[in-house]
Amino acid sequence: DASTGEAGAPACAVCLGILLGATPELARKLTAKAWELGYAPESIKLFMLSLAVPSAILIRQHLYCMHVRTLLKDSELPKAWKPLALKEAFQLAIAGSLSSLLGGARQEQTSAADGCGRLRIEAEFRHEESAGMKELLLPGNHKKAVRGKPQRGERRGQMQDIENTNAVTAELVKISPETLFAKFPFPLSAATTSPDLTVKVERDSVFVGGSYCKYSRSVSQSPWNSAHGNVCDSVQTLVLKEVGPLFRADEAKFVGSGREDLDVRMLGEGRPFFLEFINSRTLPLCPHIPVSAASKSNTSADAVMSGSEAAHAAAAARPPIWADIEARVNASTDLVRVIQLRPAERSYVDHIKGSSETKRKTYRALVWTANNPSNEDVERVNTTTNLLLHQKTPVRVLHRRSLATRERTVTYLKLQRLNEHFFLLDLETEAGTYVKEFVHGDMGRTQPSLAGLLQSDAADILQLDVVAVQH
């Protein structure tokens, strides 16, 4: 997009003129790229600057370093001596101006800043004139195949070849000075052209956490596609309808701590979830302020969203704007309600993703039985604890789940008789238990079943609610 020097002007034999171009003018070009892509100035509180350079620069710098060691071999030059890396010099030269123009602080480490919405700016230089140096050092194709970022609608990105600077670095470490200078006579000639610059700007993912309650039996957790029929609303669409425009992201993802069926309500304190906003242009909060109260007040991941105390602690620490956003979501619909909506850190996200095998769920169901169970049978069920089930993949999900037999535990059961054929059933189960199949037996695919325990010819669930999700 921009050149670091005038066309035809000789460039430095080591950095090819990149450091000469690391000026406030280049900082203005990098900043202009961020504004051009739509990043709101007030949302930039933290940024990272990275530099990608041609392999020829690594070779040139190594050659000059070897030459200096050869000249000073009889001096007291430390063995560990090495020159300042080009990337460090580039960042030192431009970071101050860039920070002033963007209005944010520079982060030096490359690891993601947890939940801060850090802006990542990459300056990538290419230099066709010196491309042959890599081929001379490493004959053949030494590009590295990596999977690119998936486009909208793609599950996986396309494979693409990129320059493998690691192979160049590894070769430079093991090659002898004599062999290296034989391949590249010293001194090196200066380049006649300056490298071409491409600027890439992207923001780290930002996460929003909370819990949701679902009060309708015709609302799914995520949108259905046309193959499953027409369902107008989902928890995901209802929540993102209000929250999504605040971030203006390339993509938004909704991830729940498990899911309930379309006709199952989610009650109680709700089901934990998080939203991931990918490359958002704006942020409705100050991203540099730590805001995950659960993460601040508890060091173990098991404490995140472990109950009402953690939820209230999170609410106390969240920026006030999030109470307004939560109220906006809840005022827009009576089908779902969000609770303790707040910015979330990576630890919360990892906990939601990793808790599928450890959480327990409490249900309440309206159950019908074909026969009138005896009081003795009902009492036997009510005194049963830690009931081990063997469940084959239910018939209703065989089209999307692999055939397997899974062991799941029902922690407790309690039946409350309404009349001869109808009962209220309260039960707590291990994550992954098919509750509907446990009640009716799924044609013998779930053993034991409630129908069998009550010695009834048949049983079925008429209505089912999730009352609590415990981690």
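The structure displayed is predicted, hence computed values, not measured ones. (Residues numbered from 1 in each chain as written. Predicted model: local features only at pLDDT ≥ 70, side-chain atom pairs only at ≥ 80, totals over all residues. Heavy atoms only, no water.)

Attention shifts here to the packing of helix H1 (residues 24–36) against helix H3 (residues 86–102). Where H1 meets H3, the closest approach of the two axes is 9 Å, and the angle between their N-to-C directions is 50°. Considering their axes alone, H1 and H3 lie oblique with respect to each other. Once H1 is placed against H3, the crossing between them reads as right-handed. Residue-level inspection shows Pro24, Leu26, Ala27, Arg28, Leu30, Thr31, Ala34 and Trp35 of H1 in contact with H3, the latter providing Phe90, Ile94, Ser97, Leu98, Leu101 and Leu102. Of the residues assigned to the contact of H1 with H3, the class counts are eleven nonpolar, two polar and one charged. (Axes fitted to C-alpha atoms, helices over the stretch in contact; angles between N-to-C directions. Helix = DSSP H or I, 4+ residues; strand = E, 2+ residues; numbered from the N terminus. Parallel < 35°, antiparallel > 145°, perpendicular 65-115°, else oblique. Left-handed = near helix turned anticlockwise from the far one by under 90°. Contact = heavy atoms within 4.5 Å. Nonpolar A, V, L, I, M, F, W, Y, C, P; charged D, E, K, R; others polar.)

A contiguous nonpolar patch, built from Val395, Leu398, Leu403 and Met443 and spanning about 430 Å² of accessible area, is present on the exposed surface. Relative to the helices and strands, Leu398 resides in the loop between strand S13 (385–392) and strand S14 (405–417). (Patch = residues over 30% accessible without salt bridge, like charges linked within 9 Å, V, L, I, M, F, W, Y side chains within 5 Å. Areas by Shrake-Rupley, 256 points an atom, 1.4 Å probe, with all protein chains shown as cover. Salt bridge = Lys/Arg side-chain N within 4 Å of Asp/Glu carboxyl O.)

Further remarks concern the side chain of Ser222. Topologically, Ser222 is positioned in the loop between strand S8 (206–214) and helix H7 (235–243). With relative accessibility at 19%, the residue Ser222 sits in the buried group. Polar contacts involving the side chain of Ser222 include one to the side chain of Arg259, which spans 3.4 Å. When residues no more than four places from it in sequence are discounted, the contact partners of Ser222 are Ser234, Gln236 and Arg259. (Buried < 20%, exposed > 50% of the residue type's maximum accessible area, 1.4 Å probe, protein only. Polar contact = N/O pair within 3.5 Å; in protein donor to acceptor, adjacent residues only side chain to side chain.)

Moving on, we get to the packing of helix H2 (residues 55–71) against helix H5 (residues 165–174). The interhelical angle for the contact between H2 and H5, taken along N-to-C directions, is 20°, at an axis separation of 10 Å. One finds that H2 runs roughly parallel with respect to H5. Seen along the crossing, H2 lies across H5 with a hand that is right-handed. Of the residues in H5, those touching H2 at Ser55, Leu58, Ile59 and His62 are Thr165, Val168, Thr169 and Leu172. For the contact of H2 with H5, the residue count by class is four nonpolar, four polar and no charged.

So, about the confidence of the model for the protein chain. In the predicted model, the protein chain carries a mean pLDDT of 84, and 81% of its residues have values of at least 70. In this model residues 1–8 is a low-confidence stretch, pLDDT under 50, and it forms 21 contacts with partners more than four residues away in sequence or in other chains. Contacts from residues 286–307, a stretch scored under 50 in pLDDT, to residues over four places away or in other chains number 35 contacts. (pLDDT = per-residue confidence, 0-100.)

Now for the pairing of strand S10 (residues 264–278). In terms of burial, S10 is largely enclosed, as eleven of its 15 residues are buried. Here S8 pairs with S10 via eight bridges, running antiparallel. Its bridge partner being in S10, Gly209 is matched across the sheet by Phe274. Strand direction decides the pairing type here: strand S9 (residues 251–256) and S10, joined by six bridges, are antiparallel. In the sheet register, Gly256 faces S10, and the bridge partner there is Phe273. (Pairing = 2+ DSSP bridges.)

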